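# Residue-level structural notes
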Protein chains: 2
Amino acid sequence: MKISELSRRTGVPVASIKYFLRQGLLPAGRATAATLAEYGEEHAQRLRLIKALTTLGGLSIAATRDVLGALDQADTTEGALGAVSYALPVPVAAQSAAADEAEAEAAATAAAEVSELLAALDWRAPDTSPHVEGLAVALKELRRLDAGYAPGELAAYARLAESVARLDLERAAGLDDPVALAERAVIVFAICAPVFELLRRLAQEDQVRRRVAAEGTAFGTGRGPAAPGLADGSPPATSGRC
Amino acid sequence: MKISELSRRTGVPVASIKYFLRQGLLPAGRATAATLAEYGEEHAQRLRLIKALTTLGGLSIAATRDVLGALDQADTTEGALGAVSYALPVPVAAQSAAADEAEAEAAATAAAEVSELLAALDWRAPDTSPHVEGLAVALKELRRLDAGYAPGELAAYARLAESVARLDLERAAGLDDPVALAERAVIVFAICAPVFELLRRLAQEDQVRRRVAAEGTAFGTGRGPAAPGLADGSPPATSGRC
DNA sequence: CACAACAAGATACTGCCACTATCCAGTAGC
DNA sequence: GCTACTGGATAGTGGCAGTATCTTGTTGTG
């Protein structure tokens, strides 16, 4: 099929398809002449995957390229899973080394806390994993905001995360065809995170509603209604564009 | 304190502070003269919150403004929670109405599925909630990719999400001061999502490692190693920049 | 008081990203 | 032969998140 038909069938503009080709997200078609190439069904499927990764998964073009590269290069499915997991962007960016001394100490404390957690859960992960680093950074920053996790809280979250991951793996493992399996794994790892986030938000909404219904206007501590806000400053101007 | 000291104490460049002021994220200081203003401790705290929302929470400037506005304007803490929840960007953007007919049908099916799920879980959420819409879009797209959730799978995820939300609410409710409580709620709702995502990734890594150890090279279906890839296309060129 | 150093606010500029448009030489098919 | 279309290269667009510069005014030290 020609590029125009590929565009028609996937709903992606021709210019965008060309852009993805340039960026190496989509393999080139089989050239039949100097100015003609033939695309197949696998290009349409790949294009759908690209669209899903970028719009649903929120991945950048570079991240998408890395993920697809991992998918194509891995010899084994586990290899693909690992590579994809590492190719996905880490939600919390690693920070540059802290110049401050207190900062460095806080970072070390957080890192120790993460190691301890992993040991307690018997999760095996290398210290160099971007996820381990990101977790340490996040914990450090949360403590700076006086919103650190109480001891045990983080472990409770971790146990739930483990259950979620078990479901993920089951979902990723339920296919026979290895190619389809690797692709499914990508989808589960990359795209299902937003779905879970949505479920969590809905659950939060429901919980808030329940507590309001149960306790009247008060919430949590049983205090009356309050109007929080900055003590002296005026609130930000408009909520729309600037 | 002057702007330079505010900058020194928070590590945010003066130019960026001015930018946040312009964008309405940070209330103006108390003007003491035509070219002088005084900032207080609450400005430093707000600045730390802004930094956390943008770098840890991954929020855009506009989204941060909305969240902070919700926090400042809400009369009650539950109001703040609800407003913040709606001000947070939805991970899956709502799509424009489908021109295609089959597309519209798929959207309707997905919407029905979501309603059913909510009813089964006894979660009360308005159909107009952006989270409900986002979930429907995500389910529709996943089905298009042949990676839809099997019946019951989604409910299993939802139950776990409910447990996570319960932990969230406990964390958000554990303070006496209403101002601090609202701020904590923002942090829990906005920033802890990436933390959970990291935990999930680590758990996934561990699960993969366990399965590999248990089953040798094979995975899931017990098939031998495979080298997936596009049937005819060459793999994407380089993994670095273009 | 003079003057260097800094402050506030307005405006303009920068770099990055994800496209999008234009141009060109080369088929395809009537 | 003529028109419509193709692949490929190059350049342009619009949005975002700052960053830099400039002007005017203030401070406080000698």
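Just above sits the structure.
My aim in this report is to walk through the structure given alongside it, one point at a time.

Rules used in this analysis
- Residues numbered from 1 in each chain as written.
- Chains lettered and ligands numbered in written order.
- Predicted model: local features only at pLDDT ≥ 70, side-chain atom pairs only at ≥ 80, totals over all residues.
- Heavy atoms only, no water.
- Near = heavy atom within 4 Å.
- Polar contact = N/O pair within 3.5 Å; in protein donor to acceptor, adjacent residues only side chain to side chain.
- Helix = DSSP H or I, 4+ residues; strand = E, 2+ residues; numbered from the N terminus.
- Axes fitted to C-alpha atoms, helices over the stretch in contact; angles between N-to-C directions.
- Parallel < 35°, antiparallel > 145°, perpendicular 65-115°, else oblique.
- Left-handed = near helix turned anticlockwise from the far one by under 90°.
- Contact = heavy atoms within 4.5 Å.
- Nonpolar A, V, L, I, M, F, W, Y, C, P; charged D, E, K, R; others polar.
- Expected span 1.5 Å × (residues − 1).
- Buried < 20%, exposed > 50% of the residue type's maximum accessible area, 1.4 Å probe, protein only.
- Pairing = 2+ DSSP bridges.

## A word on the protein's contact with DNA strand C
Lining the immediate environment of DNA strand C, one finds 19 residues, of which Arg22(A), Ile3(B), Ser4(B), Thr35(B) and Ala37(B) sit closest. One of the side-chain N or O atoms of Ser4(B) is found 2.3 Å from a phosphate oxygen in DNA strand C. Contact between DNA strand C and Thr35(B): a sugar or linking oxygen at 3.1 Å from a main-chain N or O atom of the residue. Secondary-structure elements contributing two or more residues to the surface near DNA strand C are helix H2 (14–22) of chain A together with helix H1 (3–10), helix H2 (14–22) and strand E2 (36–38) of chain B. Among the elements that line the surface near DNA strand C, the one with the most residues is H2(A), at four residues.

## Here's the deal with the packing of helix H1 (residues 3–10) of chain A against helix H3 (residues 41–56) of chain A
Residues and elements named next belong to chain A. The geometry of H1 relative to H3 is characterised by a closest axis approach of 10 Å and an angle of 45 degrees between their N-to-C directions. Between H1 and H3, the angle is such that the two are oblique. Of the two elements, H1 crosses H3, and the hand of that crossing is right-handed. Note on element contacts: H3 touches H1 through Glu41, His43, Ala44 and Leu47, opposite Leu6, Arg9 and Thr10. Taken together, the residues of the contact of H1 with H3 sort by class into three nonpolar, two polar and two charged.

## Some points on helix H7 (residues 130–144) of chain B
Residue and element names in this part refer to chain B. Across its 15 residues, H7 extends 21 Å between first and last C-alpha, which sits within 8% of the 21 Å expected from 1.5 Å per residue. Most of H7 is tucked away, with 11 of its 15 residues classed as buried. The set of residues buried in H7 consists of His131, Val132, Gly134, Leu135, Ala136, Val137, Ala138, Leu139, Lys140, Glu141 and Leu142.

## Some details on the pairing of strand E1 (residues 30–33) of chain B
Residue and element names in this part refer to chain B. Judged from the three bridges that link them, E1 and E2 form a sheet pairing that is antiparallel. Bridge pairing in E2 places Arg30 opposite Glu38. In textbook terms, the turn of a hairpin is the stretch between consecutive antiparallel strands, and for E1 and E2 this stretch comprises two residues.

## Let's talk about the protein's contact with DNA strand D
Residues in close proximity to DNA strand D total 19 residues, the closest being Ile3(A), Ser4(A), Ser16(B), Arg22(B) and Ser60(B). A share of 68% of the atoms of DNA strand D within 4 Å of the protein falls on sugar and phosphate groups. Within the side chain of Ser4(A), a nitrogen or oxygen atom sits 2.4 Å from a phosphate oxygen of DNA strand D. Taking Ile61(B), its main chain carries an N or O atom lying 3.3 Å from a phosphate oxygen of DNA strand D. Listing elements by their share of the surface near DNA strand D, those giving two or more residues are H1, H2 and strand E2 (36–38) of chain A together with H2 of chain B. Sorting elements by how many residues they give to the surface near DNA strand D places H2(B) first, with four residues. Among the residues making up the surface near DNA strand D, the classes are represented as 11 nonpolar, five polar and three charged.

These results come straight from atomic positions and should not be treated as a statement about function.
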